[in-house]
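Fold and contact review
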Amino acid sequence: MSLVRRALPEDAAEVLRLRQVMIDSTFSVDASTGWHAESLPTLRERLSEPDGDFAAFVVDHPERPGTLAALVVGTIEYRIGRAGNPRGIIGFVFSVATDPDARRRGYARAGMDALLDWFRARGAVHVHLTASADAAPLYASLGFRPKPDPLLELLL
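The following paragraphs examine the structure supplied in this document. (Residues numbered from 1 in each chain as written. Predicted model: local features only at pLDDT ≥ 70, side-chain atom pairs only at ≥ 80, totals over all residues. Heavy atoms only, no water.)

Before going further, it helps to examine the environment of alanine 55. Inspection of the secondary structure puts alanine 55 in strand 2 (residues 54-60). By relative accessible area, which is 1% here, alanine 55 ends up buried. Considered as a pair, alanine 55 and arginine 145 are 90 residues apart in the sequence and their alpha carbons are 23 Å apart. Once residues within four sequence positions are removed from consideration, alanine 55 is found in contact with Arg6, Val72, Val73, Gly74, Leu115 and Trp118. (Helix = DSSP H or I, 4+ residues; strand = E, 2+ residues; numbered from the N terminus. Buried < 20%, exposed > 50% of the residue type's maximum accessible area, 1.4 Å probe, protein only. Contact = heavy atoms within 4.5 Å.)

In C-alpha cells:
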C-alpha cells in the first residue's frame, strides 16, 4: 500500500500549513498566516475536483494522527503547442513540503512520483518547477535539469 494519497477537501488546513512550511523555508517574504482563512474555501473547492487541472498528493504523518507529513502540488497548464510538445500540455510543480520532523524518509520523492504519474496520465510531456538549493538534488535524481530561460515577473 502506498504512503501517498490524493489530498481531500478535509485536508485543506493541513495543506495550507505545509505550504507555509515551504514558503517559510524557501522565500524571504512575509511569514504571516492571515491569508490562510481567505485561501481555505478556494483550496477546499479545488481539492474536491478530482478530474480538474490541479492535484495535491499527501503523506499522513506517522507519529501525529490528523496531520500531514508531506505535500506535493501541481497543475496542468495549456500553452500553444510547439515542436516537442504539439498538444501544449505542461505540468507545473509549485509546492513541495515536508514537515521538519518527517524529513529524510522519502515522502517528497514518493509524492513527486505520484504527481509525475498524474501529469503523464493527463498528457503532459514537460514538467516545470522552481527548486530551492536544498531540494535541487531530489529533482535532479528524478531527471529535472536546469533551463537557461530567464523568468520575469510582474506583480499586478
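Past the structure itself, the notes keep going.
Below, the discussion takes up helix 3 (residues 107-121). The end-to-end C-alpha separation of helix 3 is 21 Å, in line with the 21 Å expected for 15 residues at 1.5 Å each. Of the positions making up helix 3, those classed as buried are Tyr107, Ala108, Gly111, Met112, Ala114, Leu115, Leu116, Trp118 and Phe119. Next to the buried residues of helix 3 lie strand 1 (4-6), strand 2, strand 3 (68-78), strand 4 (89-98), strand 5 (126-129) and helix 4 (136-141). (Expected span 1.5 Å × (residues − 1).)

Attention shifts here to the layout of surface pockets. In this structure, the largest pocket spans a volume of roughly 850 Å³. If you go around the largest pocket, you meet 31 residues; those closest to its centre are Val96, Ala97, Ser132, Ala135 and Tyr139. Looking at the lining of the largest pocket, the elements that each hand over two or more residues are helix 1 (12-26), strand 4, helix 3 and helix 4. Of the residues forming the lining of the largest pocket, the biggest block, 7 residues, is contributed by strand 4. Classifying every residue of the lining of the largest pocket by side-chain character gives 18 nonpolar, 7 polar and 6 charged. There is about 640 Å³ of room inside the second largest pocket. At the level of secondary structure, the elements contributing two or more residues to the lining of the second largest pocket comprise strand 5 and helix 4. (1 Å grid on protein atoms, 1.4 Å probe; cavity = no way out; pocket = protein on both sides within 12 Å on 5 of 7 lines; lining within 4 Å. Points joined across faces, edges and corners; volume = space filled by probe spheres on them. Nonpolar A, V, L, I, M, F, W, Y, C, P; charged D, E, K, R; others polar.)

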